[in-house]
Amino acid sequence: MFLSLDGDDWLLAPLLPHEFWWRQAWKEGWSPAGCPPWGEWIRARVPGDVISDTLDAGLIPHPYQDLNSLACEWLSERDWVYHKTFTVPDEWQGKHFRLRFDGVDYACEVYLNGQLLGKHEGMFTPFEFEVSERLRFGKPNSLTVLVEHKPPVDVVQGQIGWTNRARVWKSRFTYDWDWCTRLVPLGIWQSVSLLVTDGAWIEDVWLRPRVEGELARLEVRTRLRCALSSRTDWELRWRVEDPDGKRIAQGSEPAQLHGFAPLEQAVTLEIPQPRLWYPNGIGEQPLYRLFLQIAHGAQTSDEREVSFGIRTVRAIPNEGAPPDALPYTLEVNGRRVFVKGWNWVPHEQMYGRVRPERYERLLTLAKHAHCNLLRVWGGGLLEREQFYDLCDRLGIMVWQEFPHSSSGIQNAPPEDAEYLRYIEAQARQMIPLRRNHPSLVIWCGGNELMDDRWTPLTDAHPALAKLRSLVQELDPDRIWLPTSASGPVEGASAELAGTGKMHDVHGPWLYLGAEEHYRFYNTIDPLYHSEFGVEGAANLQIFEQFISPEHRLPPDATNRVWLHHGSWWIHREKLEALFGRIDDLHTFIRASQWMQAEGLRYAIEANRRRKWRCSGVSPWQFNEPFPNTACTNAVDYLGQPKPAYWWARRAYEPVHISLQYERLTWQPGEQWKAEVWSHNSTTRLLHTLWSVCLFAPDGREIARFGGAIEVSPEKAARVAHVESVLPQEAGVWLARACLHDRRGGILSCNEYLFSTAQPPMHPLLHVPHTKLRVWHRRQQIGVKNMGEAIAFFVRFTPQQGQWLLNEDDYFCLMPGETRVVKASGRGVVMIEAWNSDSHHVHL
């Protein structure tokens, strides 16, 4: 039983550092009257953060608008006083009470009814106080929490700095990174509750399922405690329910508790014919539930419910890997899994507020894109329970990094004894918080940790050796990686192809150009590509909501707002080399987003063509916590996909066809060449028909190739070589590659652009206009091209901030062609092609 102290009925006030003790603000009845800057309490929400609360009070401008975050940086330089009153029912007298904080960011003191309960530092570690003798019953209790402006800036580094000076585990990205601004949250960012028992409680539950043939053995380890004054003769009771809610095991055993000393108990349960948990795209995600009680007779003192999945995960060597390489191929329940991943960053810079709908939206989009693994990057968060619960349900494996990251100037963590004691204390609490989740498959020491020669660190580094030993002790069923990238080199390099030195590598994060991009990705041969990306402009709605009209142009480094919202990703010069001069924002966004979609798709497909030598890819990045004008994200801050999301989704299809080519640019009349590849992630042998057709913008067919092929299970294979003489006129040409089943059903369809013009993609801005006919029936949107030219890149754009989940987007339609797309959501959706008028439908 517990009393939640979450809610929006907290009070909050800022104070200058050290002013809290001078003003004796812990005393009951204290008021901030007369204290600058506001002289009064404001309302606060827990879980939350002081920036969000100050914004709600109307006391700061919205920090995401234009340059406004610069006017809000002072908030993290203040101490903050939280206050709440709550009442404990009279009938609860005689019970045992613990006041629990699941997370305070970063350092705090806690006072109850004017008395100091204790201090805590560490945003990722929960803590609690025994308060049975300090509570009042039937009348108000006063709870005061001082959140200090710690840690000082010299022990938390932003993106540029020294990793060996980052001595505390607080999310580093908020101190400024290339995809967000400097805006540092403080506050009570996780739940607060009053835990109520009859004197005995369940402190920890650790579940370790193991599959043995047709049987699963579930080892249940518990840690129990009781109050000094409590009885000692308790009973631990359990039952297990299968994914359908049917009881499949139950039992009990005595639990003799003595004083406050913990009692560790273990029991092994048998689950016949277990239903195994698989990643997204491989199988289902059945979740079992364990119910635990500690009781005496009919009196239940405490209870716990834990969901779990049954699966076996290990890392095995990649095909053809050098003998010194770590194993990067994931095997789940005996089946190899090619990782179709993404890198995940916190979904919100002001991360204190719990936003379940944002988690649900983003992770549903990840599943929809055939994603089966998210790498939770080391400069962000130990993600919340809501994140892990959704990943369990959606089949998205999690690679969780400890809070270490590179810093540019120096990239290795501290290694002195004091720091090692600190990270041990932190990790000992963090690991048990997430180890029951079947989605968690990898613990990693951190992001881009390297020595002074830019060589990735190994477990020989004392901090990584310490973390590895803790994972082996506390969660030995998970895979451990020292850092990412890992191996002899950190960065992907075409010059190192064939040397065996590219193991897990990072980069590049940019579109490399109409020729170099394809040369690079055709050449590299990593075992795993865990970070790479392509930059692209934000969706128009980001500009409309967060960038004032006078700051939307020019899209370059002369614009202070563009510098503030993504200086690393400004790319006007590169884009205009592809498209020619662009003077309006709408055209700039369209061109930039096509460049990102094209570059990211090709990078994914190139790695997928090396399947099993390469065991997976994780583009940087899936989401963003702050609205950038341009960035490498595939889904924007508002939860709306960019075109890169849709083309990456196609590249991740279970059954897919791709083209391998040397470049985008060709000469008029030159022999265009490409290699056709098939990709199959299923276990079925497929009998298919393939085709590649080359079209002019007006829909004229220039060349057609095709044939029948058998697509082998779980393989990538070269299908054919195709080539054709391009027309003599300068222009852009569309190649459509399709894979059909023997009855004509489309298994995969991919569209590529090539050019015989200069600048290469300039003709795309002037293709002939066409007309669309659009209709809507139930959960389907139909689009027909009624004109005489190709409809380029048809998009579905929800209006008024609504969310849409559609099965396809950003596709081309030949003259007379119809596409019917399944779509779920509500509100108005705008449908348009590059070269058509817009239409609106109401879902």
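Here goes a summary of the coordinates provided. From a predicted model like this one, the values you see are computed outputs, not experimental measurements.

Right, let's get into the overall build of the protein chain. Looking only at helices and strands, one finds 12 helices and 49 strands in the protein chain. A compact globule built from 843 residues should have a C-alpha radius of gyration of about 28 Å, and the protein chain, at 29 Å, falls within 12% of that. Principal-axis analysis of the C-alpha atoms places the extent of the protein chain at approximately 90 × 65 × 60 Å. In the protein chain, buried positions account for 62% of the 843 residues. Carbon and sulfur atoms make up 49% of the accessible area of the protein chain, which totals about 30700 Å². Charge-centre separation for the protein chain: the mean point of 90 positive side chains lies 4 Å from the mean point of 104 negative side chains.

For the pair helix α10 (residues 572–579) and helix α11 (residues 585–608), interaxial distance at closest approach is 10 Å and the crossing angle is 90°. It follows that α10 is roughly perpendicular to α11 by the angle criterion. Contact with α10, carried on its side by R572, K574, L575, L578 and F579, involves F588, A591, S592, W594 and M595 of α11 and no other residues of that element. Looking at the contact of α10 with α11 residue by residue, the class counts come to 7 nonpolar, 1 polar and 2 charged.

Glancing now at the sheet that holds strand β23 (residues 335–337). Spatial strand order, β21-β22-β23: 3 strands in an open sheet with antiparallel pairing. Every interior strand has two partners, whereas the edge strands, β21 (313–316) and β23, have only one. Each adjacent strand pair in this sheet contributes to an overall mean axis angle of 40°, direction not counted. Examined bridge by bridge, β21 and strand β22 (residues 329–332) share 4 bridges and lie antiparallel to one another.

The next point concerns the pattern of salt bridges. Oppositely charged side chains are able to pair whenever their charged atoms sit close together. By the definition in use, this model includes 60 salt bridges. E319 is paired through a salt bridge with R336; the nearest N and O atoms lie 2.9 Å apart. With E319 in the loop between β21 and β22 and R336 in strand β23, this residue pair connects regions lying 17 residues apart in the sequence. By relative accessible area, R336 is classed as partly exposed at 31%. Ionic pairing is found between D808 and R819, a salt bridge with its closest N-O pair at 2.9 Å. Here D808 is found in the loop between β45 (804–806) and β46 (811–813), whereas its partner R819 is found in strand β47 (residues 818–825), with 11 residues between them in sequence. Of the two residues, D808 and R819, neither departs from the other in class, the shared state being buried. One network of salt bridges, in which partners are shared, links R650, R736, E751, D808, E817 and R819.

Further remarks concern unusual backbone geometry. Note the cis peptide between L553 and P554, where omega equals 0°. Although it is not a glycine, D176 sits at a positive phi angle of roughly 110°. Inspection of the secondary structure puts D176 in strand β11 (residues 175–177).

Let us look at the sheet that holds strand β8 (residues 127–130). Judged by pairing direction, the sheet is antiparallel, and its 4 strands sit side by side in the order β1-β13-β5-β8 without closing on themselves. Looking at the sheet topology across the chains shown, the edges are occupied by β1 (2–4) and β8. Across the sheet, the mean angle separating the axes of adjacent strands is 20° when strand polarity is ignored. Pairing between strand β5 (residues 96–101) and strand β13 (residues 192–197): 6 bridges, direction antiparallel. Residue pairing across strands places L99 opposite L194, the latter belonging to β13.

Below, the discussion takes up the nonpolar core. One recurring pattern in soluble globular proteins is that nonpolar side chains are buried together. Counting residues in each nonpolar core, the largest one holds 192 residues, and the members touching the most others are W594, W672 and W690. The dominant element in this core, judged by the number of residues it contributes, is α11, at 12 residues. In this structure, W594 is in contact with F579, W647, L664, L753, M761, F793, Y810 and W834, ignoring residues within four places of it in sequence. In this structure, L224, C226, L236 and L292 belong to the second largest nonpolar core, which totals 27 residues.

Quick look at the environment of G309 now. Relative to the assigned elements, G309 resides in the loop between β20 (299–308) and β21. The sequence separation of G309 and E360 amounts to 51 residues, and the corresponding C-alpha distance is 20 Å. If sequence neighbours within four positions are ignored, G309 has contacts with P209, W277, P286, L287 and P438.

Let us now look at the side chain of Q190. Tracing the chain through its elements places Q190 in the loop between β12 (180–182) and β13. Engagement of the side chain of Q190 in a polar contact is seen with the side chain of R384, the distance being 3.3 Å. With residues near it in sequence (within four places) discarded, Q190 still touches V46, P47, D102, G103 and R384.

How each quantity is defined
- Residues numbered from 1 in each chain as written.
- Predicted model: local features only at pLDDT ≥ 70, side-chain atom pairs only at ≥ 80, totals over all residues.
- Heavy atoms only, no water.
- Helix = DSSP H or I, 4+ residues; strand = E, 2+ residues; numbered from the N terminus.
- Rg over C-alpha atoms; globule rule 2.2 N^0.38 Å.
- Buried < 20%, exposed > 50% of the residue type's maximum accessible area, 1.4 Å probe, protein only.
- Areas by Shrake-Rupley, 256 points an atom, 1.4 Å probe, with all protein chains shown as cover.
- Lys, Arg positive; Asp, Glu negative; His and termini not counted.
- Charge placed at Lys NZ, Arg CZ, Asp CG, Glu CD.
- Axes fitted to C-alpha atoms, helices over the stretch in contact; angles between N-to-C directions.
- Parallel < 35°, antiparallel > 145°, perpendicular 65-115°, else oblique.
- Contact = heavy atoms within 4.5 Å.
- Nonpolar A, V, L, I, M, F, W, Y, C, P; charged D, E, K, R; others polar.
- Pairing = 2+ DSSP bridges.
- Salt bridge = Lys/Arg side-chain N within 4 Å of Asp/Glu carboxyl O.
- Core = buried A, V, L, I, M, F, W, Y, C linked by side-chain atoms within 4.5 Å.
- Polar contact = N/O pair within 3.5 Å; in protein donor to acceptor, adjacent residues only side chain to side chain.

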